[in-house]
Amino acid sequence: MESSWDCPELKASTSCFKELKTVACGILAVCAITAASPAIAASQRLPPLSTEPNRCEKAFVGNTIGQANGVYDKPIDLRFCDYTNEKSNLKGKSLAAALMSDAKFDGADMTEVVMSKAYAAGASFKGVDFTNAVLDRVNFEKADLQGAVFKNTVLSGSTFNEAKLEDAVFEDTIIGYIDLQKLCTNPSINAEGRAELGCR
């Protein structure tokens, strides 16, 4: 007598189930990877604009919780604020994980500032001095950084997609090899900036 396990229909059904299980696991793995991807995260919606009346002044105080990792109980919302030519109140502040999109910092002194994991897409930093600053994992997508000074500045993990970097100074910049390769693809960096970075 033949056992039920020798039935060809059952074997085919089991084989189809195993294939379906493998495909489902693959799809779940792809979903997990894309959920953690910075590119996907960048397209996520930001929280609503803060309604605090003094939200722009929060930059002069900064935050001190989890500076390197951008941990905070409430984000510093500097979106659309204007700090043009601010020469003393931003220097050395911790603006980790700050929301800075569409803000203006033109001509500001941001030496020694900590902006780990800040979101500065579309912000303007024309002529800003970032000497000795920590700008790791900052999103500078479409930001205007013309003439910005990145002297001895940490830029590891930061993105500059479509950013304007004409006449930016990159003297002794600290940046990883992969991040450097990505930065060097920006066509707005002039020959001197490319030489300082070591672009090939």
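Okay, so let's go over this structure. (Residues numbered from 1 in each chain as written. Predicted model: local features only at pLDDT ≥ 70, side-chain atom pairs only at ≥ 80, totals over all residues. Heavy atoms only, no water.)

### With respect to the environment of Cys 199
Now for step 1: By the element assignment, Cys 199 lies in the segment after helix H4 (191-197).
Now for step 2: Cys 199 sits in the buried class, given a relative accessible area of 16%.
Now for step 3: Along the backbone, Cys 199 and Gln 181 are 18 residues apart, and their C-alpha atoms lie at a distance of 7.4 Å.
Now for step 4: Beyond its immediate chain neighbours, meaning those up to four positions away, Cys 199 contacts Cys 184 and Arg 194. (Helix = DSSP H or I, 4+ residues; strand = E, 2+ residues; numbered from the N terminus. Buried < 20%, exposed > 50% of the residue type's maximum accessible area, 1.4 Å probe, protein only. Contact = heavy atoms within 4.5 Å.)

### Considering the packing of aromatic side chains
Now for step 1: One pass over the full model with this rule turns up 10 aromatic pairs.
Now for step 2: Taken together, a centroid distance of 6.4 Å and an interplanar angle of 85° make the contact between Phe 150 and Phe 160 edge-to-face. Of this pair, Phe 150 sits in the loop between helix H2 (38-42) and helix H3 (177-184) while Phe 160 is found in the loop between H2 and H3, placing the two residues 10 residues apart along the sequence. For the pair shown, Phe 150 and Phe 160 are each scored as buried.
Now for step 3: Taken together, Phe 60, Tyr 83, Phe 105, Phe 125, Phe 130, Phe 140, Phe 150, Phe 160 and Phe 170 form an aromatic cluster joined through their ring pairs. (Phe/Tyr/Trp six-rings, centres within 6.5 Å; stacked < 30°, edge-to-face > 60°.)

### Section: the pattern of salt bridges
Now for step 1: Going through the model one piece at a time under the given rule, you end up with 5 salt bridges.
Now for step 2: Taking the shortest distance from any N to any O, the salt bridge between Lys 58 and Glu 52 comes out at 3.2 Å.
Now for step 3: In this structure, Asp 77 and Arg 79 form a salt bridge, with 2.7 Å as the shortest nitrogen-oxygen distance.
Now for step 4: On the basis of relative accessibility, which here comes to 5%, the residue Asp 77 falls in the buried class.
Now for step 5: Accessibility expressed as a relative area gives 7% for Arg 79, which makes it buried.
Now for step 6: Here the salt bridges do not stand alone but share partners, grouping Arg 55, Asp 77 and Arg 79 into one network. (Salt bridge = Lys/Arg side-chain N within 4 Å of Asp/Glu carboxyl O.)

### Focus: the environment of Thr 111
Now for step 1: With respect to the secondary-structure elements, Thr 111 resides in the loop between H2 and H3.
Now for step 2: In the structure, Thr 111 is positioned 18 residues away from Asp 129 in sequence and 5.8 Å away in space, judged by C-alpha atoms.
Now for step 3: Those residues in contact with Thr 111 that sit more than four places away from it in its chain are Lys 91, Gly 92, Asp 129, Phe 130 and Thr 131.
Now for step 4: Reaching out from Thr 111, the side chain makes a polar contact with the side chain of Asp 109 at a distance of 2.9 Å. (Polar contact = N/O pair within 3.5 Å; in protein donor to acceptor, adjacent residues only side chain to side chain.)

### Notes on the side chain of Thr 173
Now for step 1: For Thr 173, the position within the fold is in the loop between H2 and H3.
Now for step 2: At 3.0 Å, the side chain of Thr 173 and the backbone oxygen of Phe 170 are in polar contact.
Now for step 3: Non-local contacts of Thr 173, meaning those with residues more than four positions away in its chain, are made with Phe 150, Asn 152, Thr 153 and Leu 155.

### Re H3
Now for step 1: Of the residues making up H3, those classed as buried are Asp 179, Leu 180, Leu 183 and Cys 184. Across the axial projection of H3, the buried residues extend over an arc of 135°, all falling on one side. Every exposed residue of H3 that faces more than 90 degrees away from the buried side is listed here: Ile 178 and Lys 182.
Now for step 2: Looking at the buried side of H3, the elements it contacts are H4. (Arc of directions from axis to C-beta.)

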